[in-house]
Amino acid sequence: MLLSRKIVPRTLAGIASRAYSADCNRNYDIVVVGGGIVGTASAREILLRHPALRIAIVEKEPKLAFHQSGHNSGVIHAGIYYKPGSLKAKLCVEGLHLSYKYLDEKSIPYKKVGKLIVATNPVEVERLNDLYQRSLANNVPDVQVVDQAKIKEIEPYCQGLKAIWSPHTGIVDWGLVTQYYGRDFKAAGGDVYINFKVAKFSEAPDNLDYPIVVRSEKGDEIRARHILTCGGLQSDKIAEMTGCSAVPKIVPFRGEYLLLNPDKCHMVRGNIYPVPDPRFPFLGVHFTPRMDGSVWLGPNAVLAFRREGYKWSDINVPELIDALRFPGFIKMASKFVGAGMMEIARSALIPLQVRELQKFIPDIHEYDVARGPAGVRAQALDNDGNLVDDFVFDHGTGESVLSKNILHCRNAPSPGATSSLSIAKMIADKIEHEFHIGK
């Protein structure tokens, strides 16, 4: 079926974000489930390409970018870490350029503060050299290796033997950027339904034009020809609603930050990152300046006791049991038991976290920091305990409408925010191909 019919343009007054209203037109060509940065950017891109389509975003929270997209470090990454030739590397570097262009066009505030990736011992120097070659292969703009003197020039309080300097790494409020994507989407004629938590997808036997019914937990319904899901922390559960496998499983890991005392914030000019240790799955603590002038220190990585658990006291017993009994998590935890226990200890004992920070800036002490915010990462794991580090798209099995007309984006790996506009282009291409749009 071709999705290229003409619709009557609507005024901006009629397209504000809203909770479900029974008197609005409930039939859509495409419904995007999930109002995070990837879902919103993708909906925007599809509608800008195909303005005659009726497209809606449904989001279970009271606003867009409520979880991962609004609880992250705020860094605009340059693409240094990723395997040359990989899709992640390509999308990140492309996303870097698209992001700065978009931020300038919309006059969204950002700061190009740069990033130092600092080696503090000879082993890390060797890894740093390999990382530099990787950054060159990825066409990271203006990246260079700097010595101790240059480190001190860029970050006077930082120590290290050698570093990679990435001058185009920046910071921005990605939650705010998502709101701008949403404004573009609505201005183009899209609808955004907030407080709409999807409970079920079903076939509509009485409506062949709009064969999918999307029902919320409150019993509200909208209908669609096609569905794209970008569910983030809930992506596997949403996929299972249409008969997809439970794997890759989303296991939530909380990253907790410390806040640097405002009197010491002058000691950090830009992003200061460690050299990644290939033995461990997560990057390690780093220094991240924020748009409001504060400096975040961290994060660690500990298992969250619920999908959206930002504190140790946030517990959902069924979700926790679901994570703990998953074979992939058991295998991962067994492999990294020592590192995992250390992460828990750093969460409980601030001095242990500060000790890691002092490798880079020795003049930061326990009394210079306080507990800060946290985010939760939707980490996709396979049955063998491997971190799924690539994009995963999925359909249900069989020939039903729910299988053929619903596309699940089950994993959009970091850096999803930096790459959001380039990911959106890729997803829009895939939607056009899968659903034969514009053909």
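Higher on the page you've got the structure.
This text gives an overview of the structure that appears in the document. (Residues numbered from 1 in each chain as written. Predicted model: local features only at pLDDT ≥ 70, side-chain atom pairs only at ≥ 80, totals over all residues. Heavy atoms only, no water.)

1. Describing the sheet that holds strand β8 (residues 170-172)
Hydrogen bonds between backbone atoms are what pair the strands of a sheet, whose relative direction is either parallel or antiparallel.
Thought 1: What the 3 strands build is an open sheet, ordered β3-β8-β4; its pairing is antiparallel. What marks the edges here is a single partner per strand, and that holds for β3 (75-76) and β4 (110-111).
Thought 2: Looking at chain direction, β3 and β8 are connected through 2 bridges and run antiparallel. Along β8, the bridge assignment pairs Val 75 with Ile 171. (Pairing = 2+ DSSP bridges. Helix = DSSP H or I, 4+ residues; strand = E, 2+ residues; numbered from the N terminus.)

2. Let's talk about the packing of helix α2 (residues 87-106) against helix α12 (residues 420-435)
The axes of two packed helices give the description: the angle between them and the distance between them.
Thought 1: At a minimum axis separation of 6 Å, α2 and α12 run at an interaxial angle of 115 degrees. Contact residues: α2 offers Leu 87, Leu 91, Glu 94, Gly 95, Leu 98, Ser 99 and Tyr 102, while α12 offers Leu 421, Ser 422, Ile 423, Lys 425 and Met 426.
Thought 2: Grouping the amino acids of the contact of α2 with α12 by side-chain chemistry returns 7 nonpolar, 3 polar and 2 charged. (Axes fitted to C-alpha atoms, helices over the stretch in contact; angles between N-to-C directions. Contact = heavy atoms within 4.5 Å. Nonpolar A, V, L, I, M, F, W, Y, C, P; charged D, E, K, R; others polar.)

3. A word on helix α8 (residues 327-335)
Each α-helix winds once per 3.6 residues, and so residues spaced three or four apart point in a common direction.
Thought 1: Where α8 is concerned, the buried positions are Gly 328, Phe 329 and Met 332. The arc enclosing the buried residues of α8, seen along the axis, measures out at 95 degrees, which places them on a common side.
Thought 2: For α8, the elements touching its buried residues are β13 (249-260), β17 (302-303), α7 (317-324) and β18 (369-381). (Buried < 20%, exposed > 50% of the residue type's maximum accessible area, 1.4 Å probe, protein only. Arc of directions from axis to C-beta.)

4. Describing the packing of aromatic side chains
Thought 1: Tallying each qualifying case throughout the model produces 9 aromatic pairs.
Thought 2: Look at Phe 287 and Phe 360: their rings are 6.3 Å apart centre to centre, the planes differ by 80 degrees, and that puts the pair in the edge-to-face class. Of the two residues, Phe 287 is situated in strand β15 (residues 286-289) and Phe 360 in the loop between α10 (350-357) and β18; the sequence distance between them amounts to 73 residues.
Thought 3: What makes Phe 360 buried here is its relative accessible area of 5%.
Thought 4: When the centroid spacing of 5.4 Å and the interplanar angle of 70 degrees are considered together, the rings of Phe 305 and Trp 312 count as edge-to-face.
Thought 5: Classification of Trp 312 as partly exposed rests on a relative accessible area of 34%.
Thought 6: Members of the aromatic cluster, joined through ring pairs, are Tyr 28, Tyr 193 and Phe 196.
Thought 7: Above the plane of the ring of Tyr 28 lies Arg 54, whose end atom (NZ or CZ) is 4.4 Å from the centre. (Phe/Tyr/Trp six-rings, centres within 6.5 Å; stacked < 30°, edge-to-face > 60°. Lys NZ or Arg CZ within 6 Å of the ring centre and 35° of its normal.)

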